[in-house]
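Remarks on the overall topology
Spelled out, the chains give:
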Amino acid sequence: DIAARSGLEDLAPMVVSEIATICKDAHNYQLAIAFYQRILENIASHPNPHLEGRITAALGDVYFYANDLDAARAQYGKAIAIFGRTGDKVSDGRTQAGIGAVLAAQGKSAEALGYFKLSLATALKHGDREGVEKARRNISAFCAQLGRQEGAARLRIEAERVLNGVPPQAILTAEHRHN
């Protein structure tokens, strides 16, 4: 086991998580996976649902970058279930975007866009400005990739209106009217 051989298994989970993130950023996905899995094993004996959700979502990210889309979706699904139990709606919304990215990579455009919109709606509802910005970028990039520049521009404008005080439902309603 790579993590055990490195002697890092006793470090605080967040330190190991940072090391796993560095491994992911260096495209050493197998090592990142090993570190994240080790953290999850340790959490099993010392339950911490919030940390478990964050690490599970991060593991989903690594699988996504490694192009193991089925494993990525499974980890994102587990993370969403954990966030549901802990009531962490912000992390839940951000993880919905991960499922959207998996579906987009699998060519499931309609489902992907639905998850991206869910991510945006969740961020708007819970005042997650960073999540709103990320969701806007995801939706715009996705629509542009599909050749729907007009739709992407419209969604960006609607998101700006929401950030400036228009009720969150406006973005979903506006998109529905134009489809």
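Residues numbered from 1 in each chain as written. Predicted model: local features only at pLDDT ≥ 70, side-chain atom pairs only at ≥ 80, totals over all residues. Heavy atoms only, no water.

**Concerning the side chain of Thr95**
- Take Thr95: it is sitting in helix H6 (residues 89-105).
- Excluding anything up to four places from it in sequence, Thr95 contacts Ala57, Tyr76, Ala79, Ile80 and Phe83. (Helix = DSSP H or I, 4+ residues; strand = E, 2+ residues; numbered from the N terminus. Contact = heavy atoms within 4.5 Å.)

**What about the environment of Cys23?**
- With respect to the element layout, Cys23 can be found in helix H2 (residues 13-25).
- The exposure class assigned to Cys23 is buried, which follows from its relative accessible area of 10%.
- Considering only alpha carbons, one finds Cys23 and Val62, 39 residues apart in sequence, at a separation of 9.5 Å.
- Not counting the four nearest positions on each side in its chain, Cys23 is found in contact with Asn28, Leu31, Ala32 and Phe35. (Buried < 20%, exposed > 50% of the residue type's maximum accessible area, 1.4 Å probe, protein only.)

**Remarks on the packing of helix H5 (residues 69-86) against H6**
- Across the interface, H5 lies against H6 with an axial gap of 9 Å and an inter-helix angle of 160°. In terms of their interaxial angle, H5 and H6 are classed as roughly antiparallel. Between H5 and H6 lies a crossing whose hand is left-handed. Of the residues in H6, those in contact with Leu69, Ala72, Arg73, Tyr76, Gly77, Ala79, Ile80 and Phe83 of H5 are Ser91, Asp92, Thr95, Gln96, Gly98, Ile99, Val102, Leu103 and Ala105.
- Taken together, the residues of the contact of H5 with H6 break down into 10 nonpolar, five polar and two charged. (Axes fitted to C-alpha atoms, helices over the stretch in contact; angles between N-to-C directions. Parallel < 35°, antiparallel > 145°, perpendicular 65-115°, else oblique. Left-handed = near helix turned anticlockwise from the far one by under 90°. Nonpolar A, V, L, I, M, F, W, Y, C, P; charged D, E, K, R; others polar.)

**So, helix H4 (residues 49-65)**
- Over its 17 residues, H4 extends 24 Å from the first C-alpha to the last, a length consistent with the 24 Å expected when each residue adds 1.5 Å.
- Taken as a whole, H4 has its buried residues at Leu51, Gly53, Ile55, Thr56, Ala57, Ala58, Leu59, Gly60, Val62 and Tyr63.
- In this structure, the buried side of H4 is in contact with H2, helix H3 (29-45), H5 and H6. (Expected span 1.5 Å × (residues − 1).)

**Notes on the confidence of the model for the chain**
- Per-residue pLDDT for the chain has a mean of 82; in total, 76% of the residues score no lower than 70.
- Segment residues 174-179 is flagged for pLDDT under 50; beyond a separation of four residues in sequence, or across chains, it makes nine contacts in the model. (pLDDT = per-residue confidence, 0-100.)

**Regarding the pattern of salt bridges**
- The tally for this structure, following the rule as stated, stands at five salt bridges.
- Glu130 is the partner of Arg94 in a salt bridge, and the nearest nitrogen-oxygen pair spans 3.7 Å. In this pair, Arg94 is assigned in helix H6 and Glu130 in helix H8 (residues 129-145), connecting sequence segments 36 residues apart.
- Between Arg136 and Glu133 there is a salt bridge, and its shortest N-O distance comes to 3.3 Å. (Salt bridge = Lys/Arg side-chain N within 4 Å of Asp/Glu carboxyl O.)

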